[in-house]
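One-letter residues, chain by chain:
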Amino acid sequence: MTKIVSLVGRPNVGKSTLFNRLIGYKKSIVNSKSGITRDRNYGFCNWNGIEFCLIDTGGYTNESKHIFDKKICEQFFFALAESDVILFLVDPSNDILGIDYDISKMIRKLKKSIYLVINKIDIYKNIYNTYQYCKFGITKTYWISSINGTGTEKLLDSIVSNFDKNIYKKNIPRLALVGRPNVGKSTLINTLLNKKKNIVTNISGTTRDSIDVLYSKFGIECILVDTAGIRKKKKIKEDIEFYSVMRAIKSIQNSDVSLLIIDCKSGFESQDINIFKIIENNNKGIVLLINKSDLLNENINSYENKIKKIIAPFKDVPIFFTSSLTKKDIIKSIKTAVKITFNLRLRIKTSLLNKIILPILNKNPHPSINGKFIKIKYCRQIPTYNPQFIFFTNYPYNIKESYKRFIENNIREKFHFTGIPIKILFRLT
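Please read these numbers as outputs of a predicted model, since none were measured by experiment.

(A) Layout of the sheet that holds strand β14 (residues 388–393). Taken in spatial order, the three strands of this open sheet run β13-β14-β15, and their pairing is mixed. Strand pairing shows two members of the sheet lacking a second neighbour, β13 (376–382) and β15 (423–428), which therefore form its edges. The mean inter-strand angle of the sheet, taken between neighbouring strand axes irrespective of direction, is 25°. In the packing of helix α10 (residues 350–363) onto the sheet, the strands contacted are β13 and β14, and the crossing angle to β13 comes to about 140°. With respect to the sheet, helix α11 (residues 401–415) is in contact with β13, β14 and β15, its orientation differing from that of β15 by roughly 120°.

What follows is the structure, encoded as structure tokens:
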């Protein structure tokens, strides 16, 4: 099993900056304002062929009575509980604070490998303030700069020395949970895991980073990605929210399948359509979750038919009516999303494709245009990530959109491409 390393400390000591450096890209949002990181943010770090899971946590504080600070502290304790190694980050720009002592006392009680990581040594005056941290009594001490990477090599060498060299990460499906703010994305993940993995409040914009969670239950193994709610551009009020939305869209691009969550009470709004189009245009698998269905008064079939009319012509999308309260259809929707992931990678032999599709097209030929008879001679699948098919014909530029959809629908039906955007191309034979 992959080992877990957590980054802990008070706010604004550079945890997210170090997290981004160690995993190799900007995943956690970095800002001088405290309280930006709220949930546990997961990433994978590979050092000298040894891979481990890295957790970025929110800054721990025991003074504020704000709801987010309380929730962040909950996530802090969850991270400590599941970690094998703890990196305690401190900032020598100022004297040691009382909260630093509190954190050191807490983690020293745990029977885990603890590293004291003194950050921001790129600032010259900070070098002279590092001696004070001897008071913590943590023997594994490293001096680094998360901004420019100074000292991180020695730190990583020491971290991986704790682990088995045979550790590896499986290539498993990535499922992004996306939607407007407050539709229940984080609650749904917490329900799946049966624990408070992500912070949930009724305040819009609670989730800011895109949070990766490894899920392995009921014969399912996948990575669930909790994302920030995607608002319309004109409703984004601050830079941090803008970056959160960009991360959410990036999560769609980096995932195999997106589960678009709709609040059943507000219905399938224009912003839901925009998100649906983002997923479709990025050629990702799609599953629709009509969430909070325990509050739905309308007939399910009529509700589903309304949605299919809106998303037409791409109507072949699985739709589930879910509820985090009753757990209705949640597992079923995840199993379907995983199945779609594997169907995305499906490659159909040219001989089989022609054997099944050409007789259908010969029986239902394209109508003639200005006396010209259009004949499709053969077809094949292009070796791309998402399913794309090329059809060779005598008049490729005269194919009507309706006939193109007819071909697409038959390919979906015969080869199980439900929930997957398909591209149909025509070339001159």
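(B) The arrangement of helix α7 (residues 270–281) in detail. Its twelve residues give α7 an end-to-end C-alpha distance of 16 Å, which sits within 8% of 16 Å, the value for a rise of 1.5 Å per residue. Turning to α7, its buried residues number three or more, namely Q271, D272, I275, F276, I279 and E280. Following α7 by one or two positions, N283 has its phi on the positive side, about 60°.

(C) Up close: the pairing of β15. Bridge analysis of β14 against β15 gives six bridges, and the strand direction is parallel. Within the sheet, the bridge partner assigned to F392 lies in β15 and is R427. Read from β14 through α11 to β15, the crossover connection turns out right-handed.

(D) The arrangement of the packing of aromatic side chains in detail. Summed over all chains, the structure comprises eleven aromatic pairs. With 5.7 Å between their ring centres and 35° between their planes, F88 and F136 make a pair best called tilted. Separated by 48 residues along the polypeptide, F88 in strand β4 (residues 85–90) and F136 in the loop between β5 (113–118) and β6 (141–143) bring together distant segments of the chain. Residue F88 is classed as buried on the basis of its relative accessible area of 0%. On the basis of an interplanar angle of 75° and a centroid distance of 5.9 Å, the ring pair of Y303 and F321 is categorised as edge-to-face. Placement of Y303 in helix α8 (residues 300–311) and of F321 in strand β12 (residues 319–321) is noted, with a sequence separation of 18 residues between them. The same class applies to Y303 and to F321, which are both buried. Among the aromatic side chains, those forming a connected cluster through ring pairs are F88, Y101, Y133 and F136.

(E) Region of interest: unusual backbone geometry. With an omega dihedral of 10°, the bond running from A312 to P313 counts as a cis peptide bond. Inspection of the secondary structure puts P313 in the loop between α8 and β12. With a phi angle near 60°, N283 is a residue other than glycine that sits in the positive phi range. Considering the arrangement of structural elements, one finds N283 in the loop between α7 and β11 (285–291). For N370, which is not glycine, the phi dihedral falls at a positive 55°. By relative accessible area, N370 is classed as exposed at 76%.

(F) Expanded view of the packing of α10 against α11. Look at α10 against α11: their axes get within 11 Å of each other, and the N-to-C directions meet at 135°. It follows from the interaxial angle that α10 and α11 lie oblique. Relative to α11, the crossing made by α10 is right-handed. Contact residues: α10 offers L352, L353, I356, I357, I360 and L361, while α11 offers Y403, F406, I407, N410, I411, K414 and F415. Tallied by class, residues from the contact of α10 with α11 come to eleven nonpolar, one polar and one charged.

(G) Structural context of the pattern of salt bridges. The final tally for this structure, using the stated rule, is eleven salt bridges. Between R180 and D272 there is a salt bridge, and its shortest N-O distance comes to 3.0 Å. Of the two residues, R180 sits in the loop between β7 (174–179) and α5 (185–193) while D272 sits in helix α7, which places them 92 residues apart along the sequence. Like D272, R180 is buried. Ionic pairing is found between K277 and E280, a salt bridge with its closest N-O pair at 3.5 Å. Separated by three residues within a single helix, K277 and E280 lie in helix α7, roughly one turn from each other. Residue K277 is classed as partly exposed on the basis of its relative accessible area, which comes to 34%. Through salt bridges with shared partners, a single ionic network connects R180, E269 and D272.

(H) Structural context of the nonpolar core. Ranked by size, the top nonpolar core spans 51 residues in total, and within it L175, L224, I334, F389, F391, I407 and I411 carry the most contacts. Top element by residues in this core is helix α9 (residues 330–344). It accounts for six residues. Beyond its immediate sequence surroundings of up to four residues, I334 is in contact with L175, L192, I220, C222, L224 and L259.

(I) Expanded view of helix α1 (residues 15–23). The buried fraction of α1 is high, at eight of nine residues. As for α1, its buried residues are in contact with β1 (4–8), β2 (41–47), β3 (50–56), β4 and α4 (152–160). One or two residues past the end of α1 sits G24, with phi positive at roughly 95°.

Conventions and cut-offs
Residues numbered from 1 in each chain as written. Predicted model: local features only at pLDDT ≥ 70, side-chain atom pairs only at ≥ 80, totals over all residues. Heavy atoms only, no water. Pairing = 2+ DSSP bridges. Helix = DSSP H or I, 4+ residues; strand = E, 2+ residues; numbered from the N terminus. Axes fitted to C-alpha atoms, helices over the stretch in contact; angles between N-to-C directions. Contact = heavy atoms within 4.5 Å. Expected span 1.5 Å × (residues − 1). Buried < 20%, exposed > 50% of the residue type's maximum accessible area, 1.4 Å probe, protein only. Right-handed = clockwise from strand over helix to strand, strands pointing away. Phe/Tyr/Trp six-rings, centres within 6.5 Å; stacked < 30°, edge-to-face > 60°. Parallel < 35°, antiparallel > 145°, perpendicular 65-115°, else oblique. Left-handed = near helix turned anticlockwise from the far one by under 90°. Nonpolar A, V, L, I, M, F, W, Y, C, P; charged D, E, K, R; others polar. Salt bridge = Lys/Arg side-chain N within 4 Å of Asp/Glu carboxyl O. Core = buried A, V, L, I, M, F, W, Y, C linked by side-chain atoms within 4.5 Å.

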